[in-house]
Amino acid sequence: MQVEAPPPGHRRSPPLHNRWLQLRRYKDRLATLLIMLGGLGVILSLLLLLFYLLYQVVPLLAPARIVPLEHSLQPPFQGQVLYLALDAEGQMGVRLTRAGELQFFHPTTGALRRRHPLPLPDDGRIVDLADAGEGLLVLLLSDGTVLPVQRRYTGADGGPQPTIHYPLGNQPLRLDPSGVDRLTATVEQQQLLLVSFQAGRLRQFRFDLRRPDPLPQQAFNLPTPGFEPRKLLLMPHASRLLALGPEGRVGVIPLHGAGESYEVIRASQEEISLFELLPGGRSLLLGDRSGALSQWFFTPDRYDGTRLREIRQYDPLPGPPTLLAARSEDNSFVVLDRAGALALYSLNSSRALLRSEAPGGKVDALALSPPSGELLLERDRRGSLWRLQAPHSEITLDSLWRRIWYEDYDQPAYIWQPASAGSDTQAKYSLAPLVFGTLKAALYAMLLATPLAIGGAIYTAYCMAPGWRRRIKPIIELMAAIPSVVLGLIAALWLAPFLLTHLAAILLLIVLLPISILLFAFGWERMPQRLRFLLPEGWHVIPLLGVIPLVTWLAFPLAQWLEAWLFDGQLVLWLGHQVGIRYELRNALVVGIAMGFAIIPTLFSLTEEAIHAVPRHLSNGALALGATPWQALIWMILPAASAGIFSALMIGFGRAIGETMIVLMVTGNTPIMEFNLFEGMRTLAANIAIEMPQSTVGSSHYRILFLTALLLFLFTLVINTLAELIRQQLRRRYRAL
Amino acid sequence: MHPVKHTRLALSLGLLLLATSASARAPATAAGAVPPYQRVAGIVGSLSTVGSATMANLMLLWSQAFNRFYPQVNIQIQPPGSASAPLALIEGSARLVPMGRPMGEHERRVFQQRHGYPPTAIPVALDALAIFVHRDNPVAGVNLEQLDALFSATRRCGGNTRLDHWRQLGVAGPLGGQPVLLFGHTAVSDSHGFFRDRALCRGDFSSRVNELPGSAAVVQAVAAAIDAIGYASISHRDASVRVLPLAARGREYIAPEPEALSDGRYPLTRPLYLYLNWPPGQPLSPPLREFLRLVLSQEGQAVVSRAGYIPLPSQTIARQLRMLSNAG
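Conventions we followed
Residues numbered from 1 in each chain as written. Chains lettered and ligands numbered in written order. Predicted model: local features only at pLDDT ≥ 70, side-chain atom pairs only at ≥ 80, totals over all residues. Helix = DSSP H or I, 4+ residues; strand = E, 2+ residues; numbered from the N terminus. Buried ≥ 20, exposed ≤ 12 C-beta atoms within 10 Å, placed from the backbone. Contact = placed C-beta atoms within 7 Å. Rg over C-alpha atoms; globule rule 2.2 N^0.38 Å. Pairing = 2+ DSSP bridges. Axes fitted to C-alpha atoms, helices over the stretch in contact; angles between N-to-C directions. Core = buried A, V, L, I, M, F, W, Y, C linked by C-beta atoms within 7 Å. pLDDT = per-residue confidence, 0-100. Nonpolar A, V, L, I, M, F, W, Y, C, P; charged D, E, K, R; others polar. Expected span 1.5 Å × (residues − 1). Arc of directions from axis to C-beta. Parallel < 35°, antiparallel > 145°, perpendicular 65-115°, else oblique. Left-handed = near helix turned anticlockwise from the far one by under 90°.

(A) How the structure looks around the overall build of chain B. Assigned secondary structure in chain B consists of 12 helices and 11 strands. Residues classed as buried in chain B amount to 51% of the 328 residues present. Considering only intrachain contacts with a sequence separation of at least 6, the fraction spanning at least 24 residues in chain B is 74%.

Printed below as a string of structure tokens:
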């Protein structure tokens, strides 16, 4: 701070003078303090920002846990268990015994709420059952008859009240005179579809639940594989039946269309011990005697059909897996082996999220309440209650960064597909397409902006008359004042349709303009000196300003003629038709131009300063020693300014990566991984802007968006810091010159 | 404005609609049976709603109509999108929210947990997602399976091969060799979810679908490119684009005309809802009750057709009105 002399006109008395000095000192201290506080505040807020992002992201990394809630429910259960479930959002436990008693109990205390004996024939027992969904169980009785039982809950004060309902009457149905051996069932659109196996053949029955009638509406035989099925499963939409056979065989029986034949697959070398569909019914989970666990689903094959295929193997269990409980909310599932060892998996990741040796040995029954994640195990008629804590189990490093083979996809892929609002479809979060899109947008913008900005900066700083430079530089810097949303608007509404119709002309211009400028320069050199000296030094850009519009004006008819001659009239159509290149209306070329326009001022201004900062005596010395201006530029100026130019490029790149509005408006936000200039992309920044309003606070989607924000922040932080370090290096180097 | 005069206006508007529609039978019975709105004295207070962007225009028109009867009632409308509506209802920041889709299982469950009773849904109008192409595109129509094979990555509705060229939709000539450009909505919008549920059989959208923020943007984009196809609300149809007739399966194409919508033959029809936080056994607040009665009146339904949507069938309206009067 400069020391101010007291104004000469005022003669101050000594005490007044002292007070003035003191005041000055206070002002000085205050300013120092304020500046320091400001600086610290900036650093602190940056740290806070980073901390907040981390605070939102870290829960994604939390490991899965299983917490005991109640080691042993009192009183012990009665009767041999066949089926166990947690209903009504985990508020009601349901237990079915082989003797035919349905027991409703409080899941946390084990207190019996209600017992309901089912109308079984005398000394009948339940030998098997099929869970048809919507609370409907189809029971197979020991005499070969079948009884569908449905439980419903009426919500009222004091918790849910169960009611028992017999949709096809409370008399067991005799579907086949010889008695049913195996069965499976599913409810879809008020229809009960039932497939049974008896006397060596499979039969399909369809009942209408709206008009309860013990006689099936439809019954016919199905092609039967050459083995006795141990278990049957129905795929959703009544599309296929899966039958488990001996020695690891799985039969696939189509239900649609007559005359189709079944197919048998050798799914495992060992006997299969676990044969279940996962929630949604699209994936089959197989566990065999060696403890191996694998996911299977149907994928298209070469002949326009589909084939059951092994998709992934999960970490094996120590013993043969026998029990499964799954949550559709986050596609996680729990598997227990015969000895009671437990493992938690996420559908799309091979690694087990959690393994634990459930103490006490073999588990008889298992139930999971999907909303709360409570897990009920029954062992020797004793229930124990656990809670699974795996709030973000579907997010793993693999699912974020590697190709994943999702259900219904033809092959493994990088997919970004957040769940749509109000829909229960499984979300897929691969960061790869977003990072790719971000880099693609930034790269194309740089490709356009770099030659223009750097060339312009070199010319302005090195060749232009100083009077011009003083005017041109602020004008270009003024371009930075255009809000990016305005650029985006113009690009989306005017530039994109313009490019679609004049693509050939624009591409032609990109080639023609540099060539014509070089030709003009060559011609200018060849002009007689008399003409050249008409313009003062640094003004020869004026005739060039005439050449550029002329070439542009000529390019359009020329392009039209070229299109008619070479490309069947329209380049865009020809590209799609002949070359197979898709042309999207909102593509990387438009983004490159619009965003290039946005970063040119930054890039130009920094580069220009770097070149202008190179001491003039360096180039003057070179020129005096006989170098041409070009040689002086290439060998003296540019190397000296290179670090500054590099840092300008980095800062421009950082700006392009963080730019939101232009990409949001100009691209179609398609999360694809194609480098094609004529297709769009979805960038990290635009993605946050689009999806933040729809994500539920605290959900995996929400945290992933924070993760992408953190990624973006680190990206630009690293790039800008690097650029700044290089700039400081440069300043230090040239202080000596 | 005097209520009687207003009724006359609505009536003449209804007549106009009657005259312009090709088959006037269905809307005539629908409009004829819906009673006009009767003004009730002493309604004061305020209403605030948060919800569907699709229904923003509709809500605005209704609130204008409502203010004509009750100028002293203050109505606030925030339309950030249907995704925010359940949240506002659950948190209690609004007691009435417009939604372009029914509430999801999870949203209903959270509401029930917070309040102890389920939210009340009142259908107020019919909307349809129309499939738009460029006005020079000669394609005859599409069916749902083709839509799935175009827009999805999963083809859950049964299509075996992916469709990506116009030739596969039966278009000859130079356009046939062109790849199909796909336009859709961002995932915040209810149209996105509805299309996903109905046309993609709950599968995944292909990564190639350009996501645009709203029906107007989709129509604009489709109008600009001959090889484009997009879905958007029927209320945004204009001369720059062609609305494709749609078949549930095969080639029995059905155009989204009012009759096809109200009898449910057009496959992508959806009701638009107003959701209420209405504790059972308690009367609704008077401004809220009157607003609903207005919406379900002749005037309210005239507003629906003015906004480009389809009025509800009269039986549905009668049922809703009965429910309102029984409880209130």
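What follows continues from the structure just given.
(B) Seen up close, the overall build of chain A. Tallying secondary structure elements over chain A gives 15 helices and 30 strands in all. For 737 residues, the compact-globule estimate of 2.2 N^0.38 gives 27 Å, and the C-alpha radius of gyration of chain A, at 38 Å, exceeds that figure by more than 25%. Along the three orthogonal principal directions, the C-alpha set of chain A runs to about 120 × 90 × 45 Å. Burial analysis of chain A (737 residues in total) assigns 39% to the buried set.

(C) Quick peek at the sheet that holds strand β25 (residues 352-357) of chain A. Residues and elements named next belong to chain A. Strand order in the open sheet made by the 4 strands is β22-β23-β24-β25, with antiparallel pairing throughout. Two strands in the sheet have a free side with no partner beyond their single neighbour: β22 (321-327) and β25. Across the sheet, the axes of successive neighbouring strands diverge by a mean angle of 15°, strand direction being ignored. Pairing analysis gives 5 bridges linking strand β24 (residues 341-346) to β25, with the strands arranged antiparallel. Considered in β25, the bridge of alanine 341 is made with glutamate 357.

(D) Up close: the nonpolar core. Ala445, Val591, Ala594 and Ile662 of chain A together with Val222 of chain B are the most contacted members of the largest nonpolar core, which has 183 residues in total. Dropping the residues within four chain positions of it, isoleucine 662 of chain A is found in contact with Ser484, Leu487, Gly488, Ala491, Val591, Ala594, Met595 and Ala598 of chain A. Counting 90 residues, the second-largest nonpolar core is a separate cluster that includes Leu284, Leu286, Ala326 and Val334 of chain A.

(E) Main features of the confidence of the model for chain B. Residue and element names in this part refer to chain B. Here chain B averages 82 in pLDDT, and 90% of its residues register 70 or above. Scored below 50 in pLDDT, residues 1-31 makes 35 contacts in the model with residues more than four places away or belonging to other chains. Both scores are available for the predicted complex, with the pTM at 0.83 and the ipTM at 0.76.

(F) Structural view of the sheet that holds strand β3 (residues 92-97) of chain A. Residue and element names in this part refer to chain A. With antiparallel pairing, the 4 strands of this open sheet are ordered in space as β2-β3-β4-β5. On the outer flanks of this sheet lie β2 (81-87) and β5 (112-117), each paired with one strand and no other. Here the strands of the sheet are splayed against their neighbours by 15° on average, with no regard to which way each runs. Pairing geometry for strand β4 (residues 101-105) and β5, over 5 bridges, is antiparallel. Residue phenylalanine 105 lies in a different strand from β5, and its bridge partner there is leucine 112.

(G) Main features of the interface of chain A and chain B. Taken together, the 32 residues of chain A in the interface contact 40 residues of chain B. Secondary structure elements with two or more residues in the side of chain A that touches chain B: α5 (484-501), α9 (571-579) and α14 (684-691) of chain A. By residue number, the principal contributor to the side of chain A that touches chain B is α9 of chain A, which donates 3 residues. By residue class, the composition of the side of chain A that touches chain B is 13 nonpolar, 12 polar and 7 charged.

(H) Representation of the pairing of strand β23 (residues 332-337) of chain A within the structure. All names here are of chain A. Counting buried positions along β23 yields 6 of 6 residues, so the element is predominantly enclosed. A two-sided burial pattern is seen for β23, the buried positions comprising Ser332, Val334 and Leu336 on one face and Phe333, Val335 and Asp337 on the other. In the sheet, β22 pairs with β23 via 6 bridges, with the strands oriented antiparallel. Opposite leucine 323, over in β23, you have leucine 336 as the bridge partner. Connecting the antiparallel pair β22 and β23 is a turn made up of 4 residues, with asparagine 331 showing a positive phi of about 55°.

(I) Quick peek at helix α3 (residues 56-69) of chain B. All names here are of chain B. For α3, which comprises 14 residues, the first-to-last C-alpha distance of 20 Å matches the rise-based estimate of 20 Å (1.5 Å per residue) to within 8%. Burial in α3 covers these residues: Leu58, Met59, Trp62, Ser63, Ala65 and Phe66. End-on, the buried residues of α3 take up no more than an arc of 160°, which puts them together on one face. On its buried face, α3 sits against β1 (46-50), β2 (74-78), β3 (96-99), β4 (120-134), α10 (286-295) and α11 (298-306).

(J) Broad picture of helix α8 (residues 215-224) of chain B. Residues and elements named next belong to chain B. For α8, a buried count of 8 out of 10 residues is recorded, marking the element as mostly surrounded by other parts of the structure. The set of residues buried in α8 consists of Ser215, Ala217, Val218, Val219, Gln220, Ala221, Val222 and Ala223. In this fold, the buried residues of α8 make contact with β4, β6 (181-185), α7 (190-198), β7 (210-212), β8 (228-233) and β9 (241-244).

(K) Inspection of the packing of helix α6 (residues 503-526) of chain A against helix α8 (residues 541-566) of chain A at higher detail. Residues and elements named next belong to chain A. Between α6 and α8, the least distance of the axes is 9 Å, while the angle of their chain directions is 140°. As far as their axial angle goes, α8 and α6 are oblique. For the element pair α6 and α8, the recorded crossing hand is right-handed. Here Ala504, Ala505, Leu508, Leu509, Leu512, Leu513, Ser516, Ile517 and Phe520 of α6 come into contact with α8, specifically with Leu544, Val547, Ile548, Val551, Thr552, Ala555, Phe556, Leu558, Ala559, Leu562 and Glu563. In terms of residue class, the contact of α6 with α8 is built from 17 nonpolar, 2 polar and 1 charged.

(L) Here's a closer look at the environment of aspartate 128 of chain A. Residue and element names in this part refer to chain A. Mapped onto the fold, aspartate 128 is located in strand β6 (residues 126-133). On the neighbour-count criterion, aspartate 128 (17 C-beta atoms within 10 Å) is partly exposed. Along the chain, aspartate 128 and leucine 82 lie 46 residues apart, while their C-alpha atoms are 8.0 Å from each other. Excluding residues that lie within four positions of it along the chain, aspartate 128 makes contacts with Leu140, Arg182 and Leu183.

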